[in-house]
Structure formats: C-alpha cells, structure tokens
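Per-entry structural report
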Amino acid sequence: MTDQAHANLRRNPNVVSRERLRGPASRWRRHGEPTLAGSGPDIDDGVLGPGSLAWDVLLHPATIVFQSAAQFILQLTYKPVSAGVRDNDPISKKARAGTLSLFDIFDRGQRNSGIHAPMWLGDMDTAKRVSGHLIRIHEKVKGDLIDVGEPELGGYAANSPRDSMWAALTEMHTMLWVYERLAFRNGLPKRLSDEQRDEYIREVKEYCRLFPHNEEGLPNSMAELRALYERDANLFGGSELMAIIPATGQQFPKLVAESIKKNYHPSQFLVQIQLFLQDKLLKLPAMAAVSGKTRRNAGISPATEKRILCARKLMMPIIWLVQQGPVERYFMRMMSGRTRSS
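These notes cover the structure that comes with them. Since we're looking at a predicted model, the values are computed, not measured. (Residues numbered from 1 in each chain as written. Predicted model: local features only at pLDDT ≥ 70, side-chain atom pairs only at ≥ 80, totals over all residues. Heavy atoms only, no water.)

1. Structural notes on the overall build of the chain
- Along the backbone of the chain there are 19 helices and 2 strands.
- Computed over C-alpha atoms, the radius of gyration of the chain comes to 20 Å, within 12% of the 20 Å expected from 2.2 N^0.38 for 342 residues, which places it in the range of a compact globule.
- Its C-alpha atoms put the chain at 55 × 50 × 45 Å along the principal axes.
- Counting only contacts in the chain whose residues sit at least 6 apart along the sequence, the fraction spanning at least 24 positions is 72%. (Helix = DSSP H or I, 4+ residues; strand = E, 2+ residues; numbered from the N terminus. Rg over C-alpha atoms; globule rule 2.2 N^0.38 Å. Contact = heavy atoms within 4.5 Å.)

Structure (structure tokens):
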C-alpha cells in the first residue's frame, strides 16, 4: 500500500480502495511463505499430497469459486462454531465497539478462505505452521453457553477435540458437495462412486489430525461420517436465541447491522460488489449444493428449497462460466491471497 493510501486510511479507516480490497500478502501469510507439497525432490507431500483425490476436489475451479460460500453455510449450522463467531470473533468484538464496517466483513472472509489452502496444498512444515497459528488463535474461542435457549447443550471450545474435529470435517465435506454437484468434469456435475467418497473421507482424516482430536473418533468412510452427524445432531441447526450474546444479552445480528450502517462510506461499493458475487449470486448454487438436512438446519423452508434447486438448474450456464480460467483466477486471487508472483 502506498504512503498516500496509508495516510488516507489513518484519516478514515472506512475508506476502501481497490488496492485495499485486493490486500497485501500479509493478510494471508503472517505465518510464513508456504511451500507447495511435492514441488521438489526434498519436499514432502504434505497432509494430502499431489495425486490425491482430495487435491482433485480442492483444486477444481468450482471448488475455488464456491468453497467460501458453501463452507459458511454448513459450518454456521454447527452451533458451537456459530457461538464462537457470536462471542469471540473479531467481527463480534468490533460490532460491540461500534467500529465494524462492511470491509471488515469482507476482510474476515478473505482471511478465513485463504488460510486453509497452505494446509491443504503445502508440505508438512507449512501445514503444521499454519495449523499451529490457527490453534493459537482459537485458544480463547470458548464459552460456557452455546445457546441461552438450550443451556443443556453446555459450552464450546474451538480447540476441544469435538469442536475442532467438526470445524475440519464441515469445511472439507462442503468441498466434496461442491465438487459433486457443481463441478463440470468432462460433462455435467456428477456424484463420485461410493469407493471414491470413502477414499476422500480417509484423506480428510489426515487433515483433521493437524488439530486437536480424538483419534478413535475420526471417520474412515462416508458411513462413519454420517454416524457422527447422527451422534451430534443436537449440535446442528439454529434458533432465534442463538443470536443472543450470553455475556451481554445483545442481539449479534442487530449489532452487526447497526455498526455497518454507522461506518458506511461510499467507497465501500467495491466491497458491496464483491459481497454480492459471494453472498448473493454464488450463494444460491452453493445452497443448492449442500445437503437437504443442511438447508433445513440453515432455516430454509420447503418452498424456498424448491426454488433454490430449480434456480440451480437454470443457472447451470452461469455455474459453468464461473469455472472458466479468468473467473477462477480472479476468485483465487481475491480469496486465497497475493503470492510473490501475483
């Protein structure tokens, strides 16, 4: 960022330029420059590895374009994740202070999206450095109440084996849904075989091991993953009372909306355009890609679900278009960060 841009930002932190929207490398690389797995004779294959099914899934243009929208849909139906955002996320803290802006929402999404790629695609040193960075961040993400309306659910802790495992599993499961239901691969999107789906889950298990976990609880197949969903079904869904911050009694969405309105600046139209693409245009196919149970947990009515599934069919030309090179590269740059060569 130029000296003039820094000076403008100090005068009004709510001003957004194209340079600020694109962001510096430090937005994603505070934990060091990543090393691509298997990129040299002395570089290991990392957690998943070149040639793995997981790499096919994660590197497909559809996943790159839709992964952020799809991931948020499923992860925020897991109540401990939603509670952690509500109580401890920087967005929540800024909203309570009245300093949250629309750019902060976008910046948070960029950081969340971009930090995962080095763990998926990097060598083991990269994966462990980045996962260690996340673990340190999550040390304070914990609370005594998931939902004030359901105190029997207890509390949450981002670094507990249960919540850490579900954060990783929901992240990776959404990528599979996107790949199967939105990715054009020698024709229209199609489901993988049962054997391939089990292979993907076994590979995902290696990723889960980067974070606090109970080894015996990690799934080895899609059937075991479904059993885990059934076991913890009471932790998925939502309620009106989930929005209440237990420590203050305030409504989290209301705080966010009020702060964004207070800190609006006309230059934030750049953010509005990007968020329209991610949260409106792309969210519709992403919502169609997730499971029916996830849509119900997200509060989607049967009538709205029918419209979403119908819209997915009508939008297939657009879904194909956004998987083409220029669009894919744009989303990779915006959501995975600037590299030394970009």
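2. Considerations on the packing of aromatic side chains
- For the coordinates displayed, the defined rule picks out 8 aromatic pairs.
- Measuring from centroid to centroid gives 5.1 Å for W166 and F236, while their planes differ by 85 degrees, and the two rings are edge-to-face. Residue W166 is found in helix 10 (residues 161-182), and its partner F236 is found in the loop between helix 12 (222-231) and helix 13 (252-262); the two are separated by 70 residues along the sequence. Each member of the pair, W166 as well as F236, is classed as buried.
- Look at Y207 and F211: their rings are 5.6 Å apart centre to centre, the planes differ by 80 degrees, and that puts the pair in the edge-to-face class. Summarising the burial analysis for this pair, Y207 and F211 share the class buried.
- In this structure an aromatic cluster arises from ring pairing among Y78, W166, Y229 and F236.
- In this structure, R20 is placed above the aromatic ring of F103, and the distance from its NZ or CZ to the ring centre is 4.0 Å. (Phe/Tyr/Trp six-rings, centres within 6.5 Å; stacked < 30°, edge-to-face > 60°. Buried < 20%, exposed > 50% of the residue type's maximum accessible area, 1.4 Å probe, protein only. Lys NZ or Arg CZ within 6 Å of the ring centre and 35° of its normal.)

3. A look at helix 14 (residues 269-281)
- The sharpest bend along helix 14 comes to roughly 30 degrees, located at L275.
- All buried positions along helix 14 are accounted for by L270, V271, Q274, L275 and Q278. (Bend = angle between axes of the 7 residues up to and from the residue.)

4. Things to note about the packing of helix 5 (residues 79-88) against helix 6 (residues 90-97)
- Closest axis-to-axis distance for the helix 5/helix 6 pair is 5 Å, and the angle between their directions is 40 degrees. Note on element contacts: helix 6 touches helix 5 through P90, S92, K93 and R96, opposite V85, R86, D87 and N88.
- Taken together, the residues of the contact of helix 5 with helix 6 sort by class into 2 nonpolar, 2 polar and 4 charged. (Axes fitted to C-alpha atoms, helices over the stretch in contact; angles between N-to-C directions. Nonpolar A, V, L, I, M, F, W, Y, C, P; charged D, E, K, R; others polar.)

5. Digging into the packing of helix 10 against helix 11 (residues 194-208)
- Running from amino to carboxyl end, helix 10 crosses helix 11 at an angle of 150 degrees, the nearest separation of the two axes being 10 Å. The chirality of how helix 10 crosses helix 11 is right-handed. On the side of helix 10, the interface is formed by A168, L169, E171, M172, M175, L176 and E180, while helix 11 contributes R197, Y200, V204, Y207 and C208.
- Residues belonging to the contact of helix 10 with helix 11 are distributed by class as follows: 9 nonpolar, no polar and 3 charged. (Left-handed = near helix turned anticlockwise from the far one by under 90°.)

6. Examining the environment of R202
- Tracing the chain through its elements places R202 in helix 11.
- Residue classification places R202 among the partly exposed residues on the basis of a relative accessible area of 43%.
- In sequence terms R202 and A54 are 148 residues apart; their C-alpha atoms lie 9.7 Å from each other.
- Contact partners of R202, with chain neighbours within four places excluded, come to E195 and N220.

7. Comments concerning the pattern of salt bridges
- In total, this model carries 14 salt bridges according to the counting rule given.
- Linking D163 and R162 is a salt bridge whose minimum nitrogen-to-oxygen distance equals 2.8 Å.
- With a relative accessible area of 28%, R162 lands in the partly exposed category. (Salt bridge = Lys/Arg side-chain N within 4 Å of Asp/Glu carboxyl O.)

8. Some thoughts on a nonpolar patch on the surface
- Residues Y264, F269 and I273 make up a contiguous nonpolar surface patch of roughly 300 Å² in combined accessible area.
- On the secondary structure map, Y264 appears in the loop between helix 13 and helix 14. (Patch = residues over 30% accessible without salt bridge, like charges linked within 9 Å, V, L, I, M, F, W, Y side chains within 5 Å. Areas by Shrake-Rupley, 256 points an atom, 1.4 Å probe, with all protein chains shown as cover.)

9. Side note on the nonpolar core
- Within the largest apolar cluster, 73 residues are counted, with the highest numbers of intra-cluster contacts made by F66, W120, W166, Y200 and Y207.
- Take this core: its biggest share by element is 11 residues, from helix 10.
- Not counting the four nearest positions on each side in its chain, W166 is found in contact with Y78, L225, L228, Y229, R231, D232 and F236.
- F103, V256, L275 and M334 belong to the second largest nonpolar core, which has 18 residues in total. (Core = buried A, V, L, I, M, F, W, Y, C linked by side-chain atoms within 4.5 Å.)

By themselves, these are just geometric observations and shouldn't be taken as functional.
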